[in-house]
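# Secondary and tertiary structure notes
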Amino acid sequence: MKLWGGRFRKEENKLMESFNSSLAIDKRLVYEDITGSLSHVNMLIKSKILTEPEGNKIIEGLNSILTDIENKELLVNGDYEDIHSFVETNLINRIGETGKKLHTARSRNDQIAVDMRLYAKKKSADVIEAIELLQNNLKMKADENVIIMPGYTHLQRAQVVTFKHHLMAYFQMLDRDKTRIENAKTLMDESPLGCGALAGTTHNINRDTTAKALGFEKPVTNFLDGVSDRDYLLELMSCFSIVMMHLSRLSEELILWSSQEFNFVEIDDAFSTGSSIMPQKRNPDAAELIRGKTGRVYGSLFSLLTTMKGLPLAYNKDMQEDKEPFFDSVDTTLSCLEIMSQIIDTLKANKENMEKSVRKGFLNATELADYLVKKGVPFRDAHSVVGSIVIYCEDNEKGIEELSLEELKSFSSDINEDIYAYIDYHKSLNRGIKKTLIE
Ligand code: ARG
């Protein structure tokens, strides 16, 4: 059954019918679609557009559809154009003529807009929850591992940091990710129900009532805007892309750190895989997949940005193409957050090797320069003196702390016995604001 058959002289082409059908994709909106319809009908009754018996019959019918879907007695599939046609046709089949009144003062254009906003709000809350779980695991792992390790810039050893501080950097990134999603949720918190196809309706409906019943802050201000923008999806997909960028950087570090070359961490067997030919291999597939899937989430964002860029107001069928990218973006982000939480939870830090690595690469050179500054040497001069000391150390294959006081003094008479405590890799973390690295 078509919702719009009246003005057509010919049957729809079969190929066109399946080309046009979105049920396989938008079936996941069934709960939101029925919830939206229930609020709509309740408002129609209150506004005296439907009589109470009519409205109640529709409400009963919609609820019975919902129950049957939940009990798997009714499957959401078949030859329907979309989720709206599925629900409306099933309603009419169940309750008869009265069912045909459900769509009074409504269009599928405001209907889909409200479904998507409800779904996006719900899913954003799931993403926030998954971010919080990962943050908890990062914090726990960080607190258990106040281990010194090399910090890098340009992937060259730079200065001593702690594994704790390194992990907590991601905690902060995720905190901003959470705020970004919360902000996006606030901005999209307006109900498009009542915009109709694009121009509202001549019925005296009450958009405040439906907005409130559906948990929105208020109705949208402009009808054309309400049915035709998908910026709220784009904004969430931008937020998810940034989450994925963060997860991808963390994945990249886990991949590097778990290599023989670094050997800083061990990713649990449960999140690694082997090779079909090389018996010794243990590959960090979970982290690589997260890094790889980041590309997909970016792709989804660009796909919808591109779909939207040239569309005149108001609704165009192009916009049906918002579903696959949005669903894929949110599903992928959620599953990556979940996996990353577990990778972090089961991660083993290789303390011995991290501490050993700190000793190669002159990671205390900046501390030596700071020491000279404290003795009154201008920083630029101190930098140059330490540069010469580093060349000397390289030539003699020694760390700065392995030089004798005599050797050190030959570069600067300001260096005294207290230098060894000052450049000690552990002790230096108790000086100045470096305490933050161990707190
Ligand atoms: N399936 C459509 C979508 O997802 C719903 C709105 C259809 N409206 C219309 N006038 N064809 O965008």
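Residues numbered from 1 in each chain as written. Predicted model: local features only at pLDDT ≥ 70, side-chain atom pairs only at ≥ 80, totals over all residues. Heavy atoms only, no water.

### Details of the overall build of the protein chain
The secondary structure content of the protein chain amounts to 17 helices and 6 strands. Taking 2.2 N^0.38 as the reference for a compact globule, 439 residues should give roughly 22 Å; the C-alpha atoms of the protein chain span a radius of gyration of 31 Å, well beyond that estimate. Seen through its C-alpha atoms, the protein chain measures out along the principal axes to roughly 100 × 55 × 40 Å. Out of the 439 residues belonging to the protein chain, those deemed buried represent 49%. Considering only intrachain contacts with a sequence separation of at least 6, the fraction spanning at least 24 residues in the protein chain is 75%. Entry remark: accessible area of the protein chain is about 22200 Å², with carbon and sulfur atoms responsible for 51%. In the protein chain, the 55 positive side-chain charges and the 68 negative ones have mean positions that sit 3 Å from each other. (Helix = DSSP H or I, 4+ residues; strand = E, 2+ residues; numbered from the N terminus. Rg over C-alpha atoms; globule rule 2.2 N^0.38 Å. Buried < 20%, exposed > 50% of the residue type's maximum accessible area, 1.4 Å probe, protein only. Contact = heavy atoms within 4.5 Å. Areas by Shrake-Rupley, 256 points an atom, 1.4 Å probe, with all protein chains shown as cover. Lys, Arg positive; Asp, Glu negative; His and termini not counted. Charge placed at Lys NZ, Arg CZ, Asp CG, Glu CD.)

### Here's the deal with the site of the ligand
The full set of residues close to the ligand is Ser22, Asp82, His84, Arg108, Asn109, Ile112, Tyr315, Lys317, Gln320 and Lys323. Between the ligand and the protein, one listed contact pairs an oxygen atom with a side-chain N or O atom of Tyr315 at 2.4 Å. Expressed as a share of its isolated accessible area of 350 Å², the protein-covered part of the ligand is 87%. Among the elements that line the shell around the ligand, the one with the most residues is helix H6 (residues 108–144), at 3 residues. A per-class count over the shell around the ligand returns 2 nonpolar, 4 polar and 4 charged. (Near = heavy atom within 4 Å. Polar contact = N/O pair within 3.5 Å; in protein donor to acceptor, adjacent residues only side chain to side chain. Nonpolar A, V, L, I, M, F, W, Y, C, P; charged D, E, K, R; others polar.)

### With respect to the environment of Leu311
Within the secondary structure, Leu311 sits in the loop between helix H11 (285–308) and helix H12 (323–345). In this structure, the C-alpha to C-alpha distance between Leu311 and Asp229, residues 82 residues apart in sequence, is 9.8 Å. Look past the residues within four positions of Leu311 in its chain and what remains in contact with it is Asn316, Asp318 and Met319.

### So, H6
Taking 1.5 Å of rise per residue, 37 residues should cover 54 Å, and H6 covers 54 Å from first to last C-alpha, within 8% of that figure. The distance from a side-chain oxygen at the start of H6 to the backbone nitrogen of Asn109 is 2.8 Å, and the residue carrying that oxygen is Ser107. (Expected span 1.5 Å × (residues − 1).)

### Points about the pairing of strand S1 (residues 148–153)
For S1 and strand S2 (residues 156–162), the ladder comprises 6 bridges, and the chain directions are antiparallel. Residue Tyr152 lies in a different strand from S2, and its bridge partner there is Arg157. Taking the residues that link successive antiparallel strands as the turn, the S1-S2 hairpin has 2 residues, and the phi of His154 there is positive, at about 60°. (Pairing = 2+ DSSP bridges.)

### With respect to the UniProt feature "domain: Fumarate lyase N-terminal" (unreviewed entry) in the protein chain
Following the UniProt record, the feature "domain: Fumarate lyase N-terminal" (unreviewed entry) maps to residues 6–299 here. Summarising residues 6–299: 60% helix, 6% strand, and an end-to-end C-alpha distance of 40 Å. (UniProt positions renumbered as here; feature names shortened; annotations may be inferred.)

### So, the environment of Ile65
With respect to the element layout, Ile65 can be found in helix H4 (residues 52–70). In this structure Ile65 comes out as buried when scored by relative accessible area, which is 0%. When neighbours within four sequence positions are excluded, Ile65 is seen to be in contact with Ile34, Leu74, Val87, Asn90, Leu91 and Arg94.

### Considerations on the UniProt feature "domain: Argininosuccinate lyase C-terminal" (unreviewed entry) in the protein chain
The positions UniProt marks with the feature "domain: Argininosuccinate lyase C-terminal" (unreviewed entry) are residues 362–430. Measuring from the first to the last C-alpha atom of residues 362–430 gives 19 Å, for a span that is 54% helix and 0% strand.

### Quick look at unusual backbone geometry
Cis rather than trans, the peptide bond between Leu313 and Ala314 has omega equal to 5°. Within the secondary structure layout, Ala314 lies in the loop between H11 and H12. Here the phi dihedral of Lys72 falls at roughly 60°; this positive angle occurs in a residue that is not glycine. With respect to the helices, strands and loops of the structure, Lys72 is situated in the loop between H4 and helix H5 (83–95). For Lys72, a relative accessible area of 66% puts it in the exposed group. Positioned with a positive phi, Asn263 is a non-glycine residue whose angle comes to about 55°. Mapped onto the secondary structure, Asn263 falls in the loop between helix H10 (231–257) and strand S5 (265–266). Judged by relative accessible area, which is 34%, Asn263 ranks as partly exposed.

### Quick look at the pattern of salt bridges
The tally for this structure, following the rule as stated, stands at 29 salt bridges. The closest approach of N and O atoms between Arg108 and Asp82, which form a salt bridge, is 2.7 Å. With Arg108 in helix H6 and Asp82 in the loop between H4 and H5, the pair connects residues that are 26 residues apart, well separated along the chain. On the accessibility criterion, Arg108 (21% relative accessible area) is partly exposed. The closest approach of N and O atoms between Asp322 and Arg230, which form a salt bridge, is 3.0 Å. Linking Asp322 in the loop between H11 and H12 with Arg230 in the loop between helix H9 (223–228) and H10, this pair joins segments that are 92 residues apart in sequence. For the pair shown, Asp322 and Arg230 are each scored as buried. (Salt bridge = Lys/Arg side-chain N within 4 Å of Asp/Glu carboxyl O.)

### Quick look at the packing of aromatic side chains
What the rule picks out here adds up to 10 aromatic pairs. For the ring pair Tyr371 and Tyr422, a centre distance of 5.6 Å and an interplane angle of 65° mean the geometry is edge-to-face. Of this pair, Tyr371 sits in helix H14 (residues 365–374) while Tyr422 sits in helix H17 (residues 419–422), and the two are 51 residues apart along the sequence. Each ring, one from Tyr392 and one from Phe411, has its centre 5.5 Å from the other, and the planes form 70°; the classification is edge-to-face. (Phe/Tyr/Trp six-rings, centres within 6.5 Å; stacked < 30°, edge-to-face > 60°.)

### Concerning the nonpolar core
Here is a general trend for soluble globular proteins: nonpolar side chains tend to be buried in one another's company. Formed by 69 residues in total, the largest nonpolar core has its most connected members in Phe163, Ile181, Leu247, Leu254, Phe326 and Met340. For this core, the element with the highest residue contribution is H10, accounting for 13 residues. The contacts of Ile181, once residues within four sequence positions are left out, are Ser124, Val127, Ile128, Ile131, Leu236, Cys239, Phe240 and Val243. Core analysis: the next-biggest nonpolar cluster, separate from the first, contains 26 residues, Leu38, Met43, Ile45 and Leu66 among them. (Core = buried A, V, L, I, M, F, W, Y, C linked by side-chain atoms within 4.5 Å.)

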